[in-house]
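Overview (structure and organization)
Here are the chains, one letter per residue:
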Amino acid sequence: MSTGYQIVVLGSVVPDPLQTLEPAQTPQGPGLKNELMLPHVLDPWAAHALYEAANLAARTPGSKVTLVSLGPKAKLQQVMMAVGQKVPFELVALDGPAGGFTDPHEVAARLAETVKALPGLDRSRLLLFGGWESASRGAGVTLQLVGERLEIADQFQGVDRLTPGEGGSFEVLERVEGGKHQVSRCAGAPAVLGWATGELGEPKNNPQIGMANMRGVMPALQKAAPAPVGTGGVEFLSVAVPRAQRETRIVKDMSPDDVARELVEWIGQD
Amino acid sequence: MDTVLLLTHTEADGGLPRAALEALSAARAVGGPLVVGLFGGSVERAVAALGGAGATKVLAVEGPAFADPRYGTDAAAAAALAKASGASVVLAPATSRMARVAAGVAQRLGGRVDTHVTQVAADGGVAVTRWFYKQRIEARLRRKERPWVLLVDPGAYPPASLEGGAAPAVERLALAADGLTRTEVLGLRAPSSGEQTIRPDAKLLFVAGAGWTKKQASGKPEPERAEQLILGLLRAAGASLGSSKSLVDQAGEGQKVFEFMTHLNQVGQTGSTPRHPKGLATCCHGEEPHVVGWRFIRERRAVNLDAGCGWARGKADVLYVADAFAVMEKVNALLAEKG
């Protein structure tokens, strides 16, 4: 009998968060100016989910990590070259747009179909991981929608820690208001976990892992199924970068004492 | 005209979360008949607070099984309330509890969901405003599909003022909790750092950047002094602490820089976008704390040594070109004098 978890991580590519973004109108709806020219990275919260998945799999014999990613094939290939050096995983790619203006319901339908079709999927061992929000749409709903479509009734969002317990159970720390964590115990898989930052740093590149991953990544990209998701029933009335340029007063010649006095006065004002 | 459901959980004491009154303001902006749906261990205080809310009906699911925030029971209760209300637009406050289930509820209703809503308008049909790409792009949109579940961001609306009056009649829905979940909530845990540094209700957000850990005039880093200065300000001003990503990552990489600093403090990028009336950034030089982390900070000031800091310029109201260590030492002393 198989043991361990089947960890499926849902995550896609986003423009590097440090890029300046400008909206643009495309035939498919709103998009980003020069979107395919922008450097991309694996969505930061999804990346945390992937690293946590790999860490959990390494501690739980018999576990396997599958990354299901819906994005433009060319961008996925670029990003996987870097991510593939970090942790071991198997890639299942879907070729479609990964922009923030796509409809999460359409994306979730595609992802759920793909997860259901994974060879040898065993719901009793399934942990569905992802970021609790993306750095593109930033809605925090896709993972939940996929979970509902897979009829998984135990879901957690803003997860920072998963600790396996006895009999297949596990303890989860979820972020809640006021900088606190809610502690819950789940009886076992299947479950959905939307990760916040977790507790792991970014793993260092490991050439051996990279070589092993690349044997599966390239064929997965070659057979990526088309997933032409759109904007669904959304009508965008306006899409714009807010014009929030402030007139900054630059104070150069004030002593620390005077700066402090001004700050204290400002802090005290209602 | 859309029938509107204000959908919310209750707090542990049976009262309304503050964010629910903000969502009520948004619900009023939609117009149309208003129904309120409540779920939780008890709803008594929440119902009493709803006198004058203008609701045509209050629906409730209550009982010990629905007291704890967990997906299975919350999603079932919320979906049952939404179905019973017949509402085509469902507004909910974006508390962690509602955010955990909103999309699942929309899926169960065969509807659609949008989150992080900051504005709701009813001109020519319901339209909402929300942010994309981590608060960099703002869009106004509407949907034809119904029911439409909307999560309203805390702080986007002022809390609705209620005129008081008799509590509305409550229709309680019977909902069996058996088999809804395999999750048990064990409680809340504060970060192991010991000191509570995140205060959502604080007037001031103090953002610390990686400069606090760099070499100082003495020629070496002074993390202990930095820790004292930062904690001193938080205590004296009752401020909430935000951090740049580079600073919390240092802590995560085994460099024990500040004991009280965790990823929960991070603003921007993979951190939060908090809402406070004032923000003071110190030793930050990146886009993230100044643009994304500060998006909803009304008055912004910065202290750093780079007069040409491209991210502070145009984003802060005032940029003090000064040594943050020296400034904060004096600030703390002055705040201590004021008591």
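A few points on the structure. It should be emphasised that the depicted structure is a prediction, and the values quoted were computed from it without experimental measurement. (Residues numbered from 1 in each chain as written. Chains lettered and ligands numbered in written order. Predicted model: local features only at pLDDT ≥ 70, side-chain atom pairs only at ≥ 80, totals over all residues.)

This part takes up the overall build of chain B. When helices and strands are tallied, chain B shows eight helices and 15 strands. Principal-axis analysis of the C-alpha atoms places the extent of chain B at approximately 70 × 45 × 40 Å. Classification of the 339 residues of chain B by burial places 55% in the buried group. Pairs at least 24 apart in sequence give 68% of the contacts found in chain B among residues at least 6 apart. (Helix = DSSP H or I, 4+ residues; strand = E, 2+ residues; numbered from the N terminus. Buried ≥ 20, exposed ≤ 12 C-beta atoms within 10 Å, placed from the backbone. Contact = placed C-beta atoms within 7 Å.)

Further remarks concern the pairing of strand 11 (residues 204-208) of chain B. Residue and element names in this part refer to chain B. Burial analysis of strand 11 places five of its five residues in the buried class, which makes it a mostly covered element. Burial along strand 11 is two-sided: the residues L204, F206 and A208 and L205 and V207 are all buried. Two strands pair when backbone bridges link them, and strand 11 and strand 13 (residues 276-282) are joined in this way by five bridges, in the parallel orientation. When the sheet's bridge partners are listed, A208 is paired in strand 13 with T282. Pairing analysis gives four bridges linking strand 11 to strand 12 (residues 240-243), with the strands arranged parallel. Across the sheet, the residue bridging to V207 is G242, located in strand 12. (Pairing = 2+ DSSP bridges.)

All names here are of chain A. Among the eight residues of strand 6 (residues 64-71), seven are classified as buried, and the element is accordingly described as predominantly covered. In this sheet, strand 6 lies alongside strand 1 (residues 6-10) in parallel orientation, the contact comprising five bridges. In the strand pairing of strand 6, L10 is matched with V68. The pairing of strand 6 with strand 7 (residues 90-95) spans six bridges and is parallel. Across the sheet, L70 pairs through a bridge with L94, a residue of strand 7.

This brings us to the interface of chain B and chain A. Contacts between the two partners involve 80 residues from chain B, matched on the other side by 69 residues from chain A. Looking at the side of chain B that touches chain A residue by residue, the classes come out as 38 nonpolar, 17 polar and 25 charged. Where strand 15 (residues 249-251) of chain A and strand 15 (residues 318-321) of chain B come together, three bridges link them in parallel fashion. If you follow R249 of chain A over to strand 15 of chain B, its bridge partner there is V318 of chain B. (Nonpolar A, V, L, I, M, F, W, Y, C, P; charged D, E, K, R; others polar.)

On to the packing of helix 4 (residues 142-149) of chain A against helix 4 (residues 96-109) of chain B, then. With their axes 8 Å apart at the nearest point, helix 4 of chain A and helix 4 of chain B run at an angle of 45 degrees to one another. Here helix 4 of chain A is positioned oblique relative to helix 4 of chain B, judged by the angle of their axes. You can see that helix 4 of chain A and helix 4 of chain B cross each other, and the crossing is right-handed. When helix 4 of chain A is examined against helix 4 of chain B, the residues Q144, L145, G147 and E148 of chain A are found in contact with a partner set consisting of A103, G104, Q107 and R108 of chain B. Here the residues of the contact of helix 4 of chain A with helix 4 of chain B are counted per class, giving two nonpolar, four polar and two charged. (Axes fitted to C-alpha atoms, helices over the stretch in contact; angles between N-to-C directions. Parallel < 35°, antiparallel > 145°, perpendicular 65-115°, else oblique. Left-handed = near helix turned anticlockwise from the far one by under 90°.)

So, about the nonpolar core. V9 and L50 of chain A together with V90, L91, A102 and L150 of chain B are the most contacted members of the largest nonpolar core, which totals 142 residues. Among the elements that make up this core, the one with the highest residue count is helix 1 (residues 44-59) of chain A (ten residues). The contact partners of V90 of chain B, leaving out residues within four places of it in the chain, are L5, L7, A82, P147, W148, V149 and L150 of chain B. By size, the runner-up hydrophobic cluster in this structure holds 47 residues, among which are F206, L241, A312 and A316 of chain B. (Core = buried A, V, L, I, M, F, W, Y, C linked by C-beta atoms within 7 Å.)

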